[in-house]
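Structural overview for review
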Amino acid sequence: MCKVGAPREVENAPTAGSRRPLFLGTRMVWWAGLVLVLPCVFLRTLIHVTDVPRLIVLSAFSFAFLLYFYPFQGKTSASVPLRPWNKMLAWFAMAFLALLVASAADAVNKQEALDYIVRFLLGLIVTVLFAGTVFREEALLDRLFKVLVVVLIIQALVGILQFYGLAFTGLPPPKDEVPYGLMGHRNVFSSGLALLFPFCSYLAITGDRRWKAVSALALWLGIYGVVLGRSRSVWMAVAASLLLASTLVISLRESLGNSLVRRWFQSMLWMATGAIVAAVLALAIPSRHGFNRELRDRARSVLQFSEHNNEVGTGRWRLVIWQRSLEMLRDHPLLGVGPGNWRVVVPQYGAEGLNLVFLNGSVLRDHAHNVYLQTGAETGVLGLVLYLAMTGAAIWIALSVIFDASENSRRMLGIASLAVICTYSVDSFFSFPNEIITHSLYLALGLGIAIGLYQKIPSHTAEPSIPVSWSRACRLVPATFLLFSIWFGYAKAQFEYRDVRARALLPLHRPEQVLDEVKAGLTPLVTISHYGEPLEYFSACAWAELGRSDTALEALQRARRLNPGNIFTLSKMGEIYGNMNRLDEAIACYQESLRLAPLFEDGFKGLAIAYYNKGMYRECCDMLNRFDYQHDVRCVCDMGYACFNLREYDKSAVVLREGLRQFPDNAEMMEFLACLEFSQLHDLTNAYDHFQRLLVLSPNHPKRQEYLQAINYLAHAVGRPASDPPQTGH
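Definitions and limits used
Residues numbered from 1 in each chain as written. Predicted model: local features only at pLDDT ≥ 70, side-chain atom pairs only at ≥ 80, totals over all residues. Heavy atoms only, no water. Axes fitted to C-alpha atoms, helices over the stretch in contact; angles between N-to-C directions. Helix = DSSP H or I, 4+ residues; strand = E, 2+ residues; numbered from the N terminus. Left-handed = near helix turned anticlockwise from the far one by under 90°. Contact = heavy atoms within 4.5 Å. Nonpolar A, V, L, I, M, F, W, Y, C, P; charged D, E, K, R; others polar. Buried < 20%, exposed > 50% of the residue type's maximum accessible area, 1.4 Å probe, protein only. Patch = residues over 30% accessible without salt bridge, like charges linked within 9 Å, V, L, I, M, F, W, Y side chains within 5 Å. Areas by Shrake-Rupley, 256 points an atom, 1.4 Å probe, with all protein chains shown as cover. Salt bridge = Lys/Arg side-chain N within 4 Å of Asp/Glu carboxyl O. Expected span 1.5 Å × (residues − 1). Disulfide = S-S within 2.5 Å. 1 Å grid on protein atoms, 1.4 Å probe; cavity = no way out; pocket = protein on both sides within 12 Å on 5 of 7 lines; lining within 4 Å. Points joined across faces, edges and corners; volume = space filled by probe spheres on them.

**Details of the packing of helix H5 (residues 141-163) against helix H6 (residues 186-206)**
For the pair H5 and H6, interaxial distance at closest approach is 9 Å and the crossing angle is 145 degrees. Along this stretch, H5 crosses H6, giving a crossing that reads as left-handed. Listed contacts from H6 to Asp142, Phe145, Lys146, Leu148, Val149, Val151, Leu152, Gln155, Ala156 and Gly159 of H5 are Phe189, Leu193, Leu196, Phe197, Phe199, Cys200, Tyr202 and Leu203. Residue composition of the contact of H5 with H6, grouped by class: 14 nonpolar, 2 polar and 2 charged.

Take a look at the structure:
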């Protein structure tokens, strides 16, 4: 039996006489550089400040790696079949890819489907390339793991210091919900740390004394970061992977030997102790208001599998979203709604039962928070079966490495690989790791270890098989795709950059510049932003500001084809139809926006205005009463006018008086109230005061002489002394 961590021969390693530099000629060095750099890449000017630039970097790395180690002028060696489960996994992946293409053909938004396919195929190529690296350079895996330990320390420290406001508070995107570290999102930060735990744990058990200490520190910092991250899906994923790994160690105790088993459980004891210390410190150190309560509530909800009697409510709306995903799968069982199109289609299923932030449209649904249900909804029953089959095959390959390996080092590598797959799979029940490039890389590393080691295990009938050798044509296909992936990432970055600029210019009333940004950002590869709006939405707003309503409507109609469920597109269409006096069409747009988001304030406001303009005063009042209209001058005036037209004069006066408390210098409101009090309510004292105030606010009022006569009459009627009229302006 080989001692854990014993070196092996590095196959196809560069020699002193080879043309490649010794440093660059080692594949594992390339991967070590990638895992060190990729998680730190971000661009402040984009919406996805981390994911889009990392997509470009990973694509460029894979292309360079392919060209360097598999040059097209190289000779093609004889190919040997893959091991059975590697071959099975490959067939499952190819079948799933074919299904994605078929499903994309009928998708509402084909560009979103393209984004999903690019990410999946990129992850597949990265996994294959790394599996080949493991096959050839298994002995150098320790070097990669040491770099991953450093990555864990960096990522955890950035998040911890950010949480306490000591450093890295300016990292994009600026958010109140910290820590998000270098990942741009609190949950993504936590799950990214958790996916590094298995690699670090392997080194903590098998490394030398120095690296055991460094790995222990990295694990504790990672655990502390996960505690601060407050992501329950990550907590459960880590617990599940540790339980699975410990179960395997117990079942293999005779093969592993007492010394290794003892070291394993000593490490688990230290990890549990570290988790307790991290939790106590997190609660004891002064931090943000409400953090202690939230941390306790989240921990309690995990332990009792319920959110009863606590303030955590994210699990409730997740259940509703999962139900909508099942309904989507039921309605589209064959090919689903198309890859990446879940967020485009889900608004059509309504928002009943969701939290207030979804009902009022302030937060849009962009994930199902369950990769399996979202995959089923997007690709149908067969797609879900194939996705589960890929997961099952990956788990079986890792188990085969664990149970069939003859050396403890490979068994422990198999356990580390399985722990990565388990962490990713459990997190997928509650989150969206498949949409994060960094997480896809970590999964590719874990899965690549299992595939590469499984390929090296001798079969009972033949010599150890080697990976299939690529012909020149076979190398050309992934190389071409990777070039396209780089181009796609660049197009996505340009789209998001122009989206951010157009979004910022719009409230500054610079329509010409908005149109320039939209024109520069339009691309056939990307059509909608992270927030769901196509660039055409911004061009429509600009055209409307320039008075080109017909052109604005054309842009909005295209925007609606790209994302039919976007409430902001519908609201803007209603506004433009209203300005064109096409009130029935405006009402239909606003009603549809309220069907999708029942508490959408812009929908209430626009529908109320449309009802008023159409003479439907009762319906106008009903809409205005559904939200806090008193903070909007136009809505207060419309409410007052509508009540007046319904002959509810007292109510109209109450509305206008409340409005004047909010907007005391509004001349339109003051004028209408004064006339109402004078002609209908016969409240002469208040009418006198309000006419006087009106002429102070608007000394050049067109009806100045008429109102001066009214003031003189009211002064005599209420016994007020005559006074000089307000001076006119110059």
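**Notes on helix H20 (residues 535-545)**
Summarising burial for H20: 8 of the 11 residues are buried, a large majority. Residues of H20 that are buried include every one of Leu535, Glu536, Tyr537, Phe538, Ser539, Ala540, Cys541 and Ala542, and no others. Contacts made by the buried residues of H20 are with helix H18 (472-505), helix H19 (511-521), helix H21 (549-562) and helix H22 (567-579). Looking at the residues trailing H20, positive phi occurs at glycine 547, about 85 degrees.

**Considerations on a nonpolar patch on the surface**
A surface patch of nonpolar side chains, about 280 Å² in accessible area, is lined by Leu36, Val37, Val150 and Ile154. When contributions to the nonpolar patch are tallied by element, the ones reaching two or more residues are helix H1 (27-37) and H5. Its relative accessible area of 32% is what places valine 150 among the partly exposed residues.

**Examining helix H7 (residues 209-229)**
Along its 21 residues, H7 runs 30 Å from first to last C-alpha, staying within 8% of the 30 Å computed at 1.5 Å per residue. After H7 finishes, the residue arginine 230 shows a positive phi value of roughly 60 degrees.

**A short note on the state of the cysteines**
With the rule as written, the count across this model stands at 0 disulfides. The cysteine cysteine 541 is free of any disulfide, with cysteine 589 supplying the nearest cysteine sulfur at 14 Å. Residue classification places cysteine 589 among the buried residues on the basis of a relative accessible area of 5%.

**Focus on the layout of surface pockets**
In this structure, the second largest pocket encloses a volume near 650 Å³. Along its surface, the second largest pocket is lined by 23 residues, and Ile223, Val227, Trp235, Ala239 and Ala275 are the ones closest to its centre. Of all elements in the fold, only H7, helix H8 (232-251), helix H10 (258-284) and helix H11 (291-304) reach the threshold of two or more residues within the lining of the second largest pocket. The dominant element in the lining of the second largest pocket, judged by the number of residues it contributes, is H10, at 7 residues. Considered class by class, the residues forming the lining of the second largest pocket number 22 nonpolar, no polar and 1 charged.

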